[in-house]
Amino acid sequence: MRLDPLIEALTAGTARQGTRPPLPSPLAEAMLEAPDASPSLRLLYAAGVRALEHTIGRLPSSELPLPAPAELDPRPPCRPRAAALVQQLLSGSHDGLLPETLERIHAAGQRLPHALLPLALGVRRAELRAKVRPLLGPRGRWLAAHSPSFAWALEVPSSLEALARAWAEGTAAVRRDALDKGRRLDAGVALSWLIDTWAHEKADDRAVFVGVLEVGLSPADEPFLERALDDRSAKVRSGAAQLLARLPSSTFVARMKARAVGALQLRKQQLVVHDPQPAPRDGLPEGAELRGLRLAAVLAAVSPADEARRLGLSAEALLALARRTTDLSSLAEGWSRAAVRLGDAEWALALWATWATADDKTIDKSLAGEHMQALLGVLPAEQAAGALSARPPQWQLSPWAVVTYLMGGTLPNGVEITPKYIGSRRLIEIAIATLATDRALLLLGVPGTAKSWVSSTWPPPSAATPPAGAGHGRHQRGSPALRLELRHAAGRGPLPRRWCPARCCAPCGRPLARVEELTRIPADVQDTLITLLSEKTLPVPELGIEVQAAKGFNVIATANNRDKGVNDLSAR
Amino acid sequence: MSLPEAQVRALAPDTASLEAAERHARPTAWRNLGHDPRALWGEVQGRAPYQVRADLTDLSTKCSCPSRKLPCKHALGLLLVRARHAAAVPARGAPAWVEEWLERRAAQKRRSEARAASGPDLVGRVRRAVARERRVDAGVEALEQWLDDVARTGLASLAVDGAASCVAQAARLADAQAPGLASRVRRVGEAIGVGTDWPEHVAHELGRLALLARAWRRRAALDEPLVTELSQLLGFSVTEATVRELGVRATDQWCVVGQRIDEDERLKSARTWLWGRHSERCALVLEFALPTARFTEPFAVGTSFEGELCWYPGAVARRALATARSGEPAAMLEPWRGHTSLATMLDAHAALLARQPWLERMLALVDQVVPVRGPDGRLWARDTAGQALPLELAEPLGLLAVSGGHPVSLACEWDGARLHPLGAWAEGAYQALGAAE
């Protein structure tokens, strides 16, 4: 770069170089003649003038071509309130409501406001991208061309040749989409693309691509999947095993069936459970402590209905026997996965009841929520109600009755129940199932979504209701006071007068505390609450004692996600 | 002398004090109640025994309790006792602690009357102003000496210890009560060694500083508005009262075009750009607050309000105060009329610089520009004539999304090299852009 002679002179210093560099501007030249100033200062004056000339004389560039603009979208943007909600969901991590919100905007024939497009294009999860895609419109696709990370939103070509090109040249996300679309057009050809490049793919990509083979899965894919079982990456192996389990004629399923026969046997009307031999290739890890994992993996790969038939038992009878074993958690987990995969409603119903009603000494309740939610998804609507009618120990009402109380409906005897909450039934079912499985419930969401209403609107208490209470994080009570109150809610002691007679907890027939605005509670109280829920005890360091929680103590808490940073939720 | 209860109630700082005072409004709560023609007094048992006195001439009170409310609940109680049960407060000689207080008040009053009679301390004010100007002059002289040194030894030597030298020089200027110059020198120090073209940048900045120092030295020969401007650049502050007294005023519908907030550990500052829809005048409102505090003037970008602004005196009226507002701010519904091309915007900027060559940023409203991605990956604003200036934007996709390759009305800060977008009119609404820089 050619350096301005003036800058050159100043950089070197007037002590070393002459003080009269050639200057292109008469005004700057004139500064060099400024009276009553040293030569060095005069040079600086000239630099100041040049700076001004640079600014004033700046010319716009006229060499920029005008690219084609985005086409107009005939759809109107969604309303500002909807836009504000979408923006909040997109920028927060609590995006459980996002798919439904996006669907509704699409169903209303609207699009996202343009200002939200960068956020919307930034979503990462495949199921969210599927919901975002129809809302983008021409503007969104136009914008997607401006950033490599938005490439997933570009139109996927529809011919096999174009797809093959996208597969060969695209970014990981584009290639995934190309493979997906290729599988739909011609599963065999798309598989051959993958086989060709398999050796050069990175482990994470291999795992993603194996997952895509779910599209158009057929016995023709078995040889490839069987080879993938030898992959170095555990993620690839488990992905392949999951797909092979869905091919009933595969040798993988045959191997698993043989293992199941060895693992589960009937002897004298008792279920005897043997540890399956480790086989890392088929996803059965080595190690004595991983016995449960192996059991679950074997059972997940075979049909539970077939197993019951082999043993000559009904689903209920087999589960009843399983309850008497020490492996109930692993058995239920394996069968649950299989029932969900096969969409077996009968087994789903029986397993739901098992997870809900089994004693927490025999079953690992920390697994229950996830499986119960999945099982509920398999059940048709009328059977879902049946599943929820299994009453957990210590509950006075069945979860179904609580759901009906909240959502409204007609009882078998014709009594109309008015809805107390209008919204997603699935959400309430999950909430109740959470409480039914002894896990604390946190209702977290944007303000104005009836969280506190739901938490306080359980059926009215009956006379036999044990103590319960409500704390409110917004009350600026000191930590000791809140901890004291927790102690009373958790223990069996008399209720201090300050606890509001809460309307909660009747269905559970046990102490159930309600906490509003969890995030505004000081961190030490949150910690106490967590200890209470996980250890079932409440240490009182001031007195050097521990209070045992009453059996089945639980908490319904509400918090809103705008409060971040006030008292962020403890890591757990 | 009778004391109406309503008058006592009117003294209360808040209703809570009045409620609390009710407990002390019974004569039985008091000991040693008494009054004379000047004052009223008594002792009351609060958390400790408190001595309460009230001057009957102006109802000012004094209590020995630690409350910060004035009057406190005890004083209110005493006045209420007097209002309701005048007979319970006998006339008697004032005890020593009341006498003392009354004398102190009388002495204070005499002093303030004497001061009021002699008029404002003009002599003292002029003397202080002259002393400050002398200190600033000395600071400017030292700055010129330093600039001379820097130019003589060369900018290349700045790369070694230039940053420290700038910090030291800035501190000297701050001591010389020229904070405006101090912050300019500090910024030069921060630019040393940054980027490949820093010598040019630093040379230009030092050149401007040298011109500023020279202009100040020669201020006697300059127009008064420019001298006013210079003194603000050097760091002489202008009080709001002066602005209200001397500033030019205009009433209009003011559009809040953009706001930028800078924060460091000691202070946060907000600069808010306003645009008069009818007068087509621009105003910059600067506000300063502690990092934890809020700014006092609520300006929501994208709204407009009816009101009056008052500009700081100077050669280019730019910085202003909002002196009056009427009605609630409302969302802007239609765009303003901006420059139709970048060329006219640049001309307007040049005209401003001709009047005040040290201006750093100005508001640039340009209509019908298309944000376009250049071959360098940077975003440019291209006008209908096909001319383009570079945009500086932390998150360019936001502007691309709202424009979509179509022309928009853009509001920017123009710093002489790049446009810093503040917002754009798109989809029939004003969208604020790039809050963080």
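Residues numbered from 1 in each chain as written. Chains lettered and ligands numbered in written order. Predicted model: local features only at pLDDT ≥ 70, side-chain atom pairs only at ≥ 80, totals over all residues. Heavy atoms only, no water.

Focus on the overall build of chain A
- A count of helical and extended segments in chain A gives 26 helices and 10 strands.
- In chain A, which comprises 572 residues, the share counted as buried stands at 48%.
- Within chain A, contacts between residues at least 6 apart in sequence are counted, and of these 64% link residues at least 24 apart.
- Surface exposure of chain A reaches about 27400 Å², of which carbon and sulfur atoms provide 56%. (Helix = DSSP H or I, 4+ residues; strand = E, 2+ residues; numbered from the N terminus. Buried < 20%, exposed > 50% of the residue type's maximum accessible area, 1.4 Å probe, protein only. Contact = heavy atoms within 4.5 Å. Areas by Shrake-Rupley, 256 points an atom, 1.4 Å probe, with all protein chains shown as cover.)

Considerations on the overall build of chain B
- Within chain B one finds 12 helices and 15 strands.
- Summarising the internal contacts of chain B: among those between residues at least 6 apart in sequence, 62% fall at separations of at least 24.
- Accessible surface for chain B amounts to roughly 21500 Å². Of this, 53% is attributable to carbon and sulfur atoms.

A short note on the sheet that holds strand E11 (residues 379–382) of chain B
All names here are of chain B.
- Pairing is antiparallel across the open sheet formed by 6 strands, whose spatial order is E12-E11-E10-E13-E14-E15. In the strand order of this sheet, the two ends are held by strand E12 (388–390) and strand E15 (429–432), each with one partner. On average, adjacent strands in this sheet sit at an angle of 40° to one another, irrespective of strand direction.
- Bridge analysis of strand E13 (residues 408–414) against strand E14 (residues 419–426) gives 6 bridges, and the strand direction is antiparallel. From the neighbouring strand, leucine 410 faces E14, where its bridge partner is alanine 424.
- Its contacts with the sheet put helix H12 (residues 396–403) on strand E10 (362–373), E11, E13, E14 and E15, and the angle it makes with E10 is roughly 75°. (Pairing = 2+ DSSP bridges. Axes fitted to C-alpha atoms, helices over the stretch in contact; angles between N-to-C directions.)

Topic: the pattern of salt bridges
- In total, this model carries 51 salt bridges over all chains according to the counting rule given.
- For arginine 133 of chain A, the salt bridge goes to aspartate 177 of chain A, with nearest N and O atoms at 3.4 Å. Remark: aspartate 177 of chain A occurs in helix H9 (residues 172–185) and arginine 133 of chain A occurs in helix H7 (residues 126–144); sequence separation between them is 44 residues.
- What makes arginine 133 of chain A partly exposed here is its relative accessible area of 29%.
- Two residues, glutamate 280 of chain B and arginine 337 of chain B, come together in a salt bridge whose shortest N-O distance is 3.1 Å. Placement of glutamate 280 of chain B in the loop between strand E6 (268–276) and strand E7 (282–289) and of arginine 337 of chain B in the loop between strand E9 (320–331) and helix H11 (342–355) is noted, with a sequence separation of 57 residues between them.
- You can call glutamate 280 of chain B partly exposed: its relative accessible area is 33%.
- It is possible to trace a salt-bridge network through shared partners that takes in Glu226, Asp230, Arg255, Arg259, Arg281 and Asp282 of chain A. (Salt bridge = Lys/Arg side-chain N within 4 Å of Asp/Glu carboxyl O.)

What about the interface of chain B and chain A?
- Each side of the interface is counted separately: chain B has 50 residues, and chain A has 51 residues.
- Both faces considered, chain B and chain A share a buried interface measuring about 4300 Å² in area, 67% of it formed by carbon and sulfur atoms.
- When the shortest N-O distance is used, the salt bridge between aspartate 36 of chain A and arginine 214 of chain B registers 3.2 Å.
- Scanning the region where chain B abuts chain A turns up 17 residue pairs in polar contact (both at pLDDT 80 or more).
- Those elements giving two or more residues to the side of chain B that touches chain A turn out to be helix H5 (122–153), helix H8 (198–217), H11, E10, E11, E12 and H12 of chain B.
- Broken down by class, the residue content of the side of chain B that touches chain A amounts to 25 nonpolar, 15 polar and 10 charged. (Buried area = accessible area lost by both parts, 1.4 Å probe. Polar contact = N/O pair within 3.5 Å; in protein donor to acceptor, adjacent residues only side chain to side chain. Nonpolar A, V, L, I, M, F, W, Y, C, P; charged D, E, K, R; others polar.)

What to know about helix H7 (residues 179–191) of chain B
Residues and elements named next belong to chain B.
- Across its 13 residues, H7 extends 19 Å between first and last C-alpha, which sits within 8% of the 18 Å expected from 1.5 Å per residue.
- Among the residues of H7, Gly180, Leu181, Ala182, Arg184, Val185, Val188, Gly189 and Ala191 are the ones counted as buried.
- In the stretch just after H7, glycine 193 is the one whose phi turns positive, near 80°. (Expected span 1.5 Å × (residues − 1).)

Section: the sheet that holds strand E4 (residues 61–63) of chain B
Residues and elements named next belong to chain B.
- Reading across the sheet, the 4 strands line up as E1-E2-E3-E4 and stay open at both edges, with antiparallel pairing between neighbours. In this open sheet, the two strands that pair with only one neighbour each are strand E1 (30–35) and E4. Adjacent strand axes in the sheet meet at a mean angle of 10°, parallel and antiparallel pairs treated alike.
- Across the sheet, helix H4 (residues 96–117) touches strand E2 (39–45), strand E3 (49–55) and E4, and the angle it forms with E3 is around 45°.

Side note on a positive patch on the surface
Residue and element names in this part refer to chain B.
- Residues Arg23, Arg26, Arg47 and Lys73 make up a contiguous surface patch of positive charge.
- Among the secondary structure elements, arginine 47 is positioned in the loop between E2 and E3.
- For arginine 47, a relative accessible area of 85% translates into the label exposed. (Patch = residues over 30% accessible without salt bridge, like charges linked within 9 Å, V, L, I, M, F, W, Y side chains within 5 Å. Lys, Arg positive; Asp, Glu negative; His and termini not counted. Charge placed at Lys NZ, Arg CZ, Asp CG, Glu CD.)

Topic: the environment of alanine 54 of chain B
Residues and elements named next belong to chain B.
- With respect to the helices, strands and loops of the structure, alanine 54 is situated in strand E3.
- C-alpha separation for the pair alanine 54 and arginine 38, spaced 16 residues apart in sequence, amounts to 8.8 Å.
- With residues near it in sequence (within four places) discarded, alanine 54 still touches Arg38, Ala39, Leu40, Ser60, Thr61, Leu78, Leu79 and Trp101.

Quick look at the pairing of strand E1 (residues 264–267) of chain A
Residues and elements named next belong to chain A.
- Relative to strand E2 (residues 270–273), E1 runs antiparallel, the two sharing 4 bridges. Bridge pairing links glutamine 265 to valine 272 in E2.
- The antiparallel hairpin formed by E1 and E2 contains 2 residues in its connecting segment, where lysine 268 sits at a positive phi of about 50°.

Points about the nonpolar core
- Counting residues in hydrophobic clusters, the biggest one holds 74 residues, and the most contacted among them are Leu225, Phe252, Leu331, Trp335 and Trp347 of chain A.
- Top element by residues in this core is helix H19 (residues 345–357) of chain A. It accounts for 7 residues.
- Judged by nonpolar contacts, the second largest core, of 55 residues, contains Leu52 of chain A together with Leu352, Ala381 and Leu419 of chain B. (Core = buried A, V, L, I, M, F, W, Y, C linked by side-chain atoms within 4.5 Å.)

Examining the packing of aromatic side chains
All names here are of chain B.
- What the rule picks out here adds up to 9 aromatic pairs over all chains.
- Taken together, the ring pairs connect Trp336, Trp425 and Tyr430 into an aromatic cluster.
- Sitting over the face of the ring of phenylalanine 236, arginine 132 holds its NZ or CZ atom 4.3 Å from the ring centroid. (Phe/Tyr/Trp six-rings, centres within 6.5 Å; stacked < 30°, edge-to-face > 60°. Lys NZ or Arg CZ within 6 Å of the ring centre and 35° of its normal.)

Quick look at the pairing of strand E8 (residues 303–311) of chain B
Residue and element names in this part refer to chain B.
- A large share of E8 lies buried, amounting to 7 of its 9 residues.
- The sheet contact formed by strand E5 (residues 249–263) and E8 spans 7 bridges and is antiparallel. Following the sheet pairing, cysteine 255 is matched in E8 by serine 304.

Some remarks on the confidence of the model for chain A
- Within chain A, residue pLDDT values average 76, and 76% of them lie at 70 or more.
- Within the model, the stretch residues 460–485 of chain A combines pLDDT values under 50 with 62 contacts to residues more than four positions away or in other chains. (pLDDT = per-residue confidence, 0-100.)

A few points about the packing of helix H3 (residues 39–56) of chain A against H5 of chain B
- At their nearest, the axes of H3 of chain A and H5 of chain B sit 8 Å apart, and the two run at 90° to each other. The orientation of H3 of chain A relative to H5 of chain B falls into the category roughly perpendicular. In this structure, H3 of chain A contributes Ser40, Leu41, Leu44 and Tyr45 of chain A to the contact, and H5 of chain B contributes Glu144, Leu147, Asp148, Ala151 and Arg152 of chain B.
- Of the residues assigned to the contact of H3 of chain A with H5 of chain B, the class counts are 5 nonpolar, 1 polar and 3 charged. (Parallel < 35°, antiparallel > 145°, perpendicular 65-115°, else oblique.)

What to know about the packing of H9 of chain A against helix H10 (residues 187–197) of chain A
Residues and elements named next belong to chain A.
- Look at H9 against H10: their axes get within 5 Å of each other, and the N-to-C directions meet at 145°. Contacts between H9 and H10 involve Arg175, Ala178, Leu179, Gly182, Arg183 and Leu185 on the former and, on the latter, Ala187, Ala190, Leu191, Trp193, Leu194 and Thr197.
- In terms of residue class, the contact of H9 with H10 is built from 8 nonpolar, 2 polar and 2 charged.

A few points about the confidence of the model for chain B
- On average, residues of chain B score 88 in pLDDT, and 98% of them are at 70 or above.
- Confidence estimates for the predicted assembly give a pTM of 0.58 and an ipTM of 0.72.

A short note on the side chain of aspartate 180 of chain A
Residues and elements named next belong to chain A.
- Along the polypeptide, aspartate 180 turns up in helix H9.
- Overall, aspartate 180 belongs to the buried group, its relative accessible area being 13%.
- A distance of 2.7 Å separates polar atoms of two side chains, one belonging to aspartate 180 and the other to arginine 184.

Side note on the environment of leucine 442 of chain A
- For leucine 442 of chain A, the location among the structural elements is in strand E5 (residues 441–445).
- Taking the C-alpha atoms as reference points, leucine 442 of chain A and valine 515 of chain A, 73 residues apart in sequence, are found 9.2 Å from one another.

Observations concerning the state of the cysteines
- As enumerated under the stated definition, the model contains 0 disulfides over all chains in all.
- For cysteine 65 of chain B, which is in no disulfide, the shortest distance to another cysteine sulfur is to cysteine 63 of chain B and amounts to 3.6 Å. (Disulfide = S-S within 2.5 Å.)

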